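If you want the building blocks of each chain, they are given just below.
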Number of protein chains: 2
Amino acid sequence: MSKNVTKSDQHKEKILEISREMFAKHGYEATTTRMINQEAGTAEGLMYYYFPHGKHEILDTIVCQGIINRVNQLQTTFNDCYTKADLEERLMKIFEDIWQVFQDKENYQSFVITIHERMLLSDDQADWLLQVLEGLVDEIAGQLKSAPILQTMPEDQYRPLARVIVSIFQKIIYDELLIKNNRQLTEQMKAQIRPQLKVVL
Amino acid sequence: MSKNVTKSDQHKEKILEISREMFAKHGYEATTTRMINQEAGTAEGLMYYYFPHGKHEILDTIVCQGIINRVNQLQTTFNDCYTKADLEERLMKIFEDIWQVFQDKENYQSFVITIHERMLLSDDQADWLLQVLEGLVDEIAGQLKSAPILQTMPEDQYRPLARVIVSIFQKIIYDELLIKNNRQLTEQMKAQIRPQLKVVL
DNA sequence: GTCTATAGAATGATAGAC
DNA sequence: GTCTATCATTCTATAGAC
């Protein structure tokens, strides 16, 4: 019943860790079980002891773990935002928090794998990404409602505004992580987001 | 010197067409040269006559063609937009035009391949996507400037606003095409975009 | 649980006839 | 230009010793 980590658990974890790394770097199909075994330092047959259904079971496990890890809530409040500048600052902070999520190697790799190997996944497995984004819209919409500076805004405009803000964040994340292959948060990126927030607030 | 299509050209085209289809559907690594030859109805050795460097040369050719095909300019003008409603309508039209680009099978497949096989491509090959998006920002920013209703807007806000609009479009395109696997333009999607445009205009 | 050895099938690519 | 036949590798997965 205790949470002791056995030697064999370590082997299983190592296989998952190496697989996640290689799937993200080279893609699922291009990564061979041999490469995984070699990098993980485990023998040929061993991975079929932990994953009887073979390579694809490893992928499923990785994607499943990625889903769970990412259920994180933002720890911010907008109820002390009395000026647009306050709000802008707070939203920039949220963007940096989101970016920080992808600084965690495991989160970043799960994200890349989910997009790149979309065709190997079920709709349910890919859905976590949309759910995280919708959750973010909900969270930001709720916070906007509590911002003193936005009290005069019509009730039905909070969600669309939150959606626009998430779109701004999402575009830059996809452009940088998926296309430019860049995980470094640069001043240039922040300088691009700020005027956009100014325009919509 | 004439533009006559020889029999052999047709063979080459067929190989490219089938490859594009299968790369987009199953991924590059999961698509075997045998599958391509069989579907294209060509013999085993023939693809090495047209593509001496083999499978990867086919991928390169497909991505290169995708880049060229997509350099399309929007044929719209905003200089008759005297109300926000006019502008909103015109932007919805632009979104539908962009969506229409992906109704073309070849464009859609090139897009999916570029994202999914990103790690097999050079930065230059992946860059066309960013360039198309930046071109779109430029185009929309220029048009916004010519809109009578927006004449009072500060000069330096046109580009950020255009960028926000492109972000709104891009989010829904990525969500639908890459994650939901949906190419159908639904009323629900339009109903989601409209209030966002209202909020930012 | 962990290992070695290998089966059995599939892969990308080539040689050479026509 | 197009074909058939096949090579040399490599792959996933399994069998069975320890």
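- Chain A is annotated in an unreviewed UniProt entry as TetR family transcriptional regulator of Secundilactobacillus pentosiphilus.

### Brief notes about the protein's contact with DNA strand D
Phase 1: Every one of the 17 residues lining DNA strand D counts as a neighbour, but T32, T33, R34 and Y48 of chain A together with Y50 of chain B are closest to it.
Phase 2: Near the protein, within 4 Å, the atoms of DNA strand D are sugar or phosphate in 61% of cases.
Phase 3: Between E44 of chain A and DNA strand D, the recorded distance is 3.5 Å, taken from a side-chain N or O atom to a base nitrogen.
Phase 4: In the environment of DNA strand D, a phosphate oxygen lies 3.1 Å from a nitrogen or oxygen atom belonging to the side chain of K55 of chain A.
Phase 5: When residues of the surface near DNA strand D are traced back to their parent elements, those giving at least two are α2 (33-40) of chain A together with α1 (7-26) and α3 (47-50) of chain B.

### Section: the protein's contact with DNA strand C
Phase 1: Surveying the vicinity of DNA strand C reveals 18 residues, the closest of which are Y50 of chain A together with T32, T33, R34 and Y48 of chain B.
Phase 2: Within 4 Å of the protein, atoms of DNA strand C come from sugar and phosphate in 61% of cases.
Phase 3: Measuring from a phosphate oxygen of DNA strand C, one finds a side-chain N or O atom of H11 of chain A at 3.1 Å.
Phase 4: Measuring from a phosphate oxygen of DNA strand C, one finds a side-chain N or O atom of Y48 of chain B at 2.8 Å.
Phase 5: Contributing elements (two or more residues each) for the surface near DNA strand C: α1 (7-26) and α3 (47-50) of chain A together with α2 (33-40) of chain B.
Phase 6: Here the residues of the surface near DNA strand C sort into five nonpolar, nine polar and four charged.

### Some points on the packing of aromatic side chains
Given two aromatic rings, one states the distance between the centres and the angle between the planes to describe the pair.
Residue and element names in this part refer to chain B.
Phase 1: For the coordinates displayed, the defined rule picks out 13 aromatic pairs over all chains.
Phase 2: Pairing F95 with W99 gives two aromatic rings, centres 6.0 Å apart and planes at 40 degrees, and the pair type is tilted. Of the two residues, F95 and W99 both sit in helix α5 (residues 84-103), four residues apart, roughly one turn of that helix. Grouping residues by exposure puts F95 and W99 together as buried.
Phase 3: With 5.2 Å between their ring centres and 50 degrees between their planes, F95 and F169 make a pair best called tilted. Within this pair, whereas F95 is found in helix α5, its partner F169 is found in helix α8 (residues 158-180), the two being separated by 74 residues in sequence. F169 matches F95 in its accessibility class, with the two residues each being buried.

### Points about the relation of the copies chain A and chain B
Phase 1: Between chain A and chain B, the superposition needs a rotation of 180 degrees and an axial shift of 0.0 Å, giving an RMSD of 0.0 Å. Considering both components of the superposition, the chain copies are consistent with a two-fold axis. When C-alpha positions in chain A are compared against the rotation axis, the closest is assigned to H116 of chain A, at 2.2 Å.
Phase 2: Comparing contact sets, 100% of the residues at the interface of chain A also lie at the interface in chain B, consistent with an isologous, same-surface contact.

### Describing the interface of chain A and chain B
Phase 1: Each partner contributes residues to the interface: chain A has 36 residues there, and chain B has 36 residues.
Phase 2: Interface area for chain A against chain B, summed over the two sides, is near 3,300 Å², with a carbon-plus-sulfur share of 68%.
Phase 3: At the boundary of chain A and chain B, one finds zero salt bridges.
Phase 4: The interface formed by chain A and chain B includes 10 residue pairs in polar contact (both at pLDDT 80 or more).

### Quick notes on the environment of T61 of chain B
Residue and element names in this part refer to chain B.
Phase 1: By secondary structure assignment, the location of T61 is in helix α4 (residues 55-69).
Phase 2: Remark: the alpha-carbon pair of T61 and I113, spanning 52 residues in sequence, is separated by 12 Å.
Phase 3: Apart from the residues lying within four places of it in its own chain, the contact partners of T61 are L16 and F51.

### Considering the UniProt feature "domain: HTH tetR-type" (unreviewed entry) in chain A
Phase 1: UniProt tags residues 15-60 of chain A as "domain: HTH tetR-type" (unreviewed entry).
Phase 2: The distance separating the terminal C-alpha atoms of residues 15-60 of chain A is 13 Å; by composition the span is 65% helix and 0% strand.

Conventions used here
Residues numbered from 1 in each chain as written. Chains lettered and ligands numbered in written order. Predicted model: local features only at pLDDT ≥ 70, side-chain atom pairs only at ≥ 80, totals over all residues. Heavy atoms only, no water. Near = heavy atom within 4 Å. Polar contact = N/O pair within 3.5 Å; in protein donor to acceptor, adjacent residues only side chain to side chain. Helix = DSSP H or I, 4+ residues; strand = E, 2+ residues; numbered from the N terminus. Nonpolar A, V, L, I, M, F, W, Y, C, P; charged D, E, K, R; others polar. Phe/Tyr/Trp six-rings, centres within 6.5 Å; stacked < 30°, edge-to-face > 60°. Buried < 20%, exposed > 50% of the residue type's maximum accessible area, 1.4 Å probe, protein only. Least-squares fit on C-alpha atoms with pLDDT ≥ 70 in both. Contact = heavy atoms within 4.5 Å. Buried area = accessible area lost by both parts, 1.4 Å probe. Salt bridge = Lys/Arg side-chain N within 4 Å of Asp/Glu carboxyl O. UniProt positions renumbered as here; feature names shortened; annotations may be inferred.

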